[in-house]
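Summary of structural features
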Amino acid sequence: MDNLKGLFSLYGLYGKMDLRWAIQDPGTFAMVVASETIGNIASILGVMLLALRFGGVGGLTTDEILFMLGFFQMADGLTFMLFGSLNVMHISRRVGRGQLDHMLIQPRPLWMQLMAEGFMPVSGSYGLLTGIILTCIACARLQLTVSIPWLFLLLIYILCHAALSVGQMYLYGAAAFYRPVACEEISSVICDLNTQLGKFPLAGLPPWMTMILTTLLPVGLAAYIPSLILLHKFQKGPILALPLAVAAAFLIAASYAFRKGLHYYAKVSCNRYKDMGFRN
Amino acid sequence: MQKSAVTDTRIWDSVIELQNTVKTYEQKQVISLFKRQRVQVNALNDVSFCLQKGDFCAYAGPNGAGKSTTFKLLSGMLTPTSGQVRVFGKDPTQERIPLMKRTGILFGNRSELWWDHPVSASFQWKKVVWDIDERIYQRNVERLTALLDLDDFWHAFARELSLGQRMRANLALTLLHSPELVLLDEPTLGLDVLAKRQMIACLKQLNREEGVTILVTSHDLDDLREMTRRIVLINQGKLAFDGGYEELLHITGDRRVLRLRCEGQPPASLAGIPLVSVEDGLCSYEYDACSISTERLFTALSTIKSASDIELTNSPIESVFAELYQRWRS
Amino acid sequence: MKAYFATARLCVLEKSYFGLANVIGQYLLKAAGVGALLLIWRSLAAQGADLGGFTLEQFYSYTLLSAMLAPLLDIHTPATGWLHDGTMLSLYLRPSSLFSQLSAYTVAGWVIPLLTLSLPLGVTASLCGVNLTPQSPWFFPSLLMTISLGFAVDFLFACLMIRLRNLEWPVRCLRDSLTAIFSGSLIPFAALPWNIGRVLELSPLGALAGAPLAICTGLGDARELVVAQLVWNAVLWPLTLLCLRHSRERMVSFGG
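So, here is what we can say about the structure in this document. Just so you know, these numbers come straight off a predicted model, no measurement behind them.

Moving on to the overall build of chain C. Of the regular secondary structure elements, chain C holds twelve helices and zero strands. When each of the 256 residues of chain C is scored for burial, the buried share is 54%. At a minimum sequence separation of 6, the contacts of chain C that also span at least 24 residues come to 77%. Carbon together with sulfur atoms contributes 69% to the accessible area of chain C, which is approximately 11,200 Å² in total.

Glancing now at the side chain of Q73(A). All names here are of chain A. By the secondary structure assignment, Q73 is in helix α3 (residues 62–83). For Q73, a relative accessible area of 3% puts it in the buried group. What Q73 contacts, discounting residues up to four positions off in sequence, is N40, S43, I44, G127, L128, T130 and G131.

Contacts between the two partners involve 48 residues from chain C, matched on the other side by 47 residues from chain A. Counting each side, the surface lost to burial between chain C and chain A is near 4,000 Å², with a carbon and sulfur contribution of 71%. Where chain C touches chain A, the interface holds zero salt bridges. Put simply, chain C and chain A have three residue pairs in polar contact (both at pLDDT 80 or more) between them. Elements represented by at least two residues in the side of chain C that touches chain A include exactly α2 (20–46), α5 (79–85) and α9 (168–182) of chain C. Residue contributions to the side of chain C that touches chain A peak at 15 residues, all from α2(C).

Position of G33(C) among the secondary structure elements: in helix α2. The residues contacting G33(C), other than those within four sequence positions of it, are L193(A) and L197(A).

Scanning the model with the defined rule gives 21 aromatic pairs over all chains in all. Aromatic side chains F177(A) and Y265(A) sit 5.8 Å apart centroid to centroid with 75 degrees between the ring planes, which places their arrangement in the edge-to-face category. Remark: Y265(A) occurs in helix α13 (residues 242–268) and F177(A) occurs in helix α9 (residues 175–178); sequence separation between them is 88 residues. The class for F177(A) is buried, based on a relative accessible area of 2%. Considering the side-chain rings of F99(C) and W237(C), the 6.1 Å spacing of their centres and the 85 degrees angle between planes classify their relative orientation as edge-to-face. You can see F99(C) sitting in helix α7 (residues 98–127) and its partner W237(C) sitting in helix α12 (residues 222–255), a full 138 residues away along the chain. In textbook terms, an aromatic cluster arises when at least three aromatic residues are bridged by ring pairs, as seen for Y14(A), W114(B), W125(B) and W130(B). For the cation-ring pair, R102(B) lies above F88(B), with the distance from its terminal atom to the ring centre recorded as 3.8 Å.

What follows covers the side chain of T116(C). Residue and element names in this part refer to chain C. If you trace the backbone, T116 turns up in helix α7. Accessibility expressed as a relative area gives 13% for T116, which makes it buried. Side-chain polar atoms of T116 contact the backbone oxygen of I112, separated by 2.7 Å.

Right, let's talk about the nonpolar core for a bit. With 252 residues, the main nonpolar core has Y14(A), I16(B), F123(B), L215(B) and I231(B) as its most contacted residues. Counting only domains with at least three residues in this core, you end up with domain 1 (2–249) and domain 2 (255–329) of chain B. For I16(B), the residues in contact, after removing those within four places along its chain, are F49(B), C50(B), L51(B), L74(B), R86(B), L181(B), L183(B) and L215(B). If you look at the next biggest cluster of nonpolar residues, it comprises 13 residues, including C262(B), L270(B), C283(B) and L301(B).

All right, on to a nonpolar patch on the surface then. A grouping of V111(C), L115(C), L119(C), V123(C) and L127(C) is seen on the molecular surface, where their side chains present a nonpolar patch of about 490 Å² in accessible area. Relative to the elements of secondary structure, V111(C) occurs in helix α7.

Attention now goes to helix α8 (residues 139–163) of chain C. Across its 25 residues, α8(C) extends 35 Å between first and last C-alpha, which sits within 8% of the 36 Å expected from 1.5 Å per residue. Within α8(C), 19 of the 25 residues are buried, leaving the element largely enclosed by the surrounding structure.

Next up on the list: the pairing of strand β8 (residues 230–235) of chain B. Residues and elements named next belong to chain B. Among the six residues in β8, six count as buried, and that is most of the element. Side-chain alternation along β8 places R230, V232 and I234 on one buried face and I231, L233 and N235 on a second face that is also buried. Where strand β3 (residues 56–60) and β8 come together, four bridges link them in parallel fashion. Bridge assignment links C57 to a residue of β8, and that residue is R230. Taking the residues between adjacent antiparallel strands as the criterion, β8 and strand β9 (residues 238–244) are bridged by two residues, where Q236 takes a positive phi near 50 degrees.

Parameters at a glance
- Residues numbered from 1 in each chain as written.
- Chains lettered and ligands numbered in written order.
- Predicted model: local features only at pLDDT ≥ 70, side-chain atom pairs only at ≥ 80, totals over all residues.
- Heavy atoms only, no water.
- Helix = DSSP H or I, 4+ residues; strand = E, 2+ residues; numbered from the N terminus.
- Buried < 20%, exposed > 50% of the residue type's maximum accessible area, 1.4 Å probe, protein only.
- Contact = heavy atoms within 4.5 Å.
- Areas by Shrake-Rupley, 256 points an atom, 1.4 Å probe, with all protein chains shown as cover.
- Buried area = accessible area lost by both parts, 1.4 Å probe.
- Salt bridge = Lys/Arg side-chain N within 4 Å of Asp/Glu carboxyl O.
- Polar contact = N/O pair within 3.5 Å; in protein donor to acceptor, adjacent residues only side chain to side chain.
- Phe/Tyr/Trp six-rings, centres within 6.5 Å; stacked < 30°, edge-to-face > 60°.
- Lys NZ or Arg CZ within 6 Å of the ring centre and 35° of its normal.
- Core = buried A, V, L, I, M, F, W, Y, C linked by side-chain atoms within 4.5 Å.
- Domains from an automatic or database assignment.
- Patch = residues over 30% accessible without salt bridge, like charges linked within 9 Å, V, L, I, M, F, W, Y side chains within 5 Å.
- Expected span 1.5 Å × (residues − 1).
- Pairing = 2+ DSSP bridges.

Pasting the structure below:
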């Protein structure tokens, strides 16, 4: 109970700090929001244009593709809003740059700090908002019946996306404990891979490839499979639980790898340090 | 046997305690493009010392002696390869969270300030994360802003501070939760004379009035001597000295410098003391006060007819250490 | 030139110290990404999509070449990062021009990805029967102009970052997203609807990756694309130099 209270007090703190950052420097805030929104739209434009050119891609119509992209943007936006600040998501950077020490001198459990420190409800919300708008447009065009259970399912899959993204970045990012310089950017590679491929429909792939892309390298679960379920292409069967199962597996594996990495870190620390923003 | 010896000598009321602490690293070395080798580095080698409540202790040694490793062990970031590390009687890696509430740590080359926020925001952040009582927070903010002169840049963005301002703000942040133990790794790094004096005064006051235990490292040995009463010297991971400055000077020799202004050729030695340098007619002779009597020295001086001015000073502590480090290296 | 090679040599060695085993994981992930994109083209062709009169082979070649030549098609000098963390200032303390130092670091940075990703991808593709031979000799001058233009674009984004008070993250986000789509590095312009591709391939960003790839795979008109690249080089370089000159003071003061 104390932990939960502590966690929410940290969420409150980082939420306030983010709001204050946006208010105290509105010019910068506006520039950040504008550039990130343009970036977000540009990043989904490629697949959207392909869909428009070919009248749909991978067995999905143009509107269904729009729904999938909206879902991706929404889920990725939420992940960014929760973990995007200060490289909490790109954990290999924090570890590889020797910045974990800043967290270790705080009198809070590390998990609590990692859960809360990346929270930016104001400056990190544009991705989520863009996603919500796109999804609403797609739902209207597709005339989807939006019910409470459907919304609940949507929420579950969005959370699965967040867990998968963070789980992968922490699982592979744990390599930075052992090779700080070489693996500093490994979380970013994972992130780029998910962002780039997570928006493509994966129909028509050989079964072995589909298997890989929905388990080991689960870009298919980033948006494609959840969208198919939400678009009622799959009504029942184990596939409904697949995103949840894989997300849970990745979280468990990430937790194990990260803990192991931390034990190693306590033995050797990090042989380098890069400042968090201050110029040299 | 080893274990029981450790238990027997353990001092439970000590704030910091290192018992036969060993910390070994593996270092990769590049011999050529295709040849690598791994070398064991003993960062700390069987180091034992302890600090009692209210101690203000300097921790010095040449570069790579193991000072920062000791700080990382004390703050629970590293585990020792063998031996024991205790802070307030607890294992810092196991009890990191409660210990951090009682400890303030400052690494001179790192900043805890939130760089994209005003300085004040970092203090408000710390208040929540460290769960500092509102009354204590207000009192400490008032006191520390006055002591370290933070008023001028309290509302400025941390990213825009000068190095001196950043260091002062960092020290204030370190002390904000009224820590009982303060570990300072090169806190005076890059500070100007005024900022240094402010920082030293603040630490001395804290130690004197509140009994805060402080362990501080610095390469500025005059600063260390001004701040602390005790000095622990470490060299190549081994404890080389632990005691007061007088005691240290006794070991290294009570070095003095005699400066003599004279016309013409100065004598190459004076009662056996060699001439070290001549600059603008000022001749410097360095000697150990323990090994030569004042009477003999003055007798020798009285024979120099052309002497117009004489100055006798203690050798700067920097020189004492430079000689000591040189001796260790060779 | 000696100074240039000394810097570049150290930069390559610096990366090699990581050990191949440590960096290979990143390149394997990138290779997996390329594989997935190739399969997407195949699935599109399988669903009977009209590929704009081009063959599936050409799309394969396009994607593979894009991945193999990635560091050359979208130049990333360390300028933006160094401006952000202040390293840029130290470049002024060396007896070489800013450009030669930055280009030495950049060109040296290509060596490891070209060896660990491009070479194996090229060999594998050739063994699988994918044709990577340029369809026109204009590919080589086009590639050179892409590199030249890439430096100009990178410096322009660095200047933009200086203008935006050293905000590295949004500038990088903006640049990555814009170049991914509008440079044609991910999706060939020939696959875009409503003839958008025709407009984009003549745009400054399109003259980056899109032009040499389209020339190499035969997806575009070589002469037209090379002329567009020439024009953009002639326009953007003077603009870049002007922006750099105007940003110099801010560059040094922020960079310190």
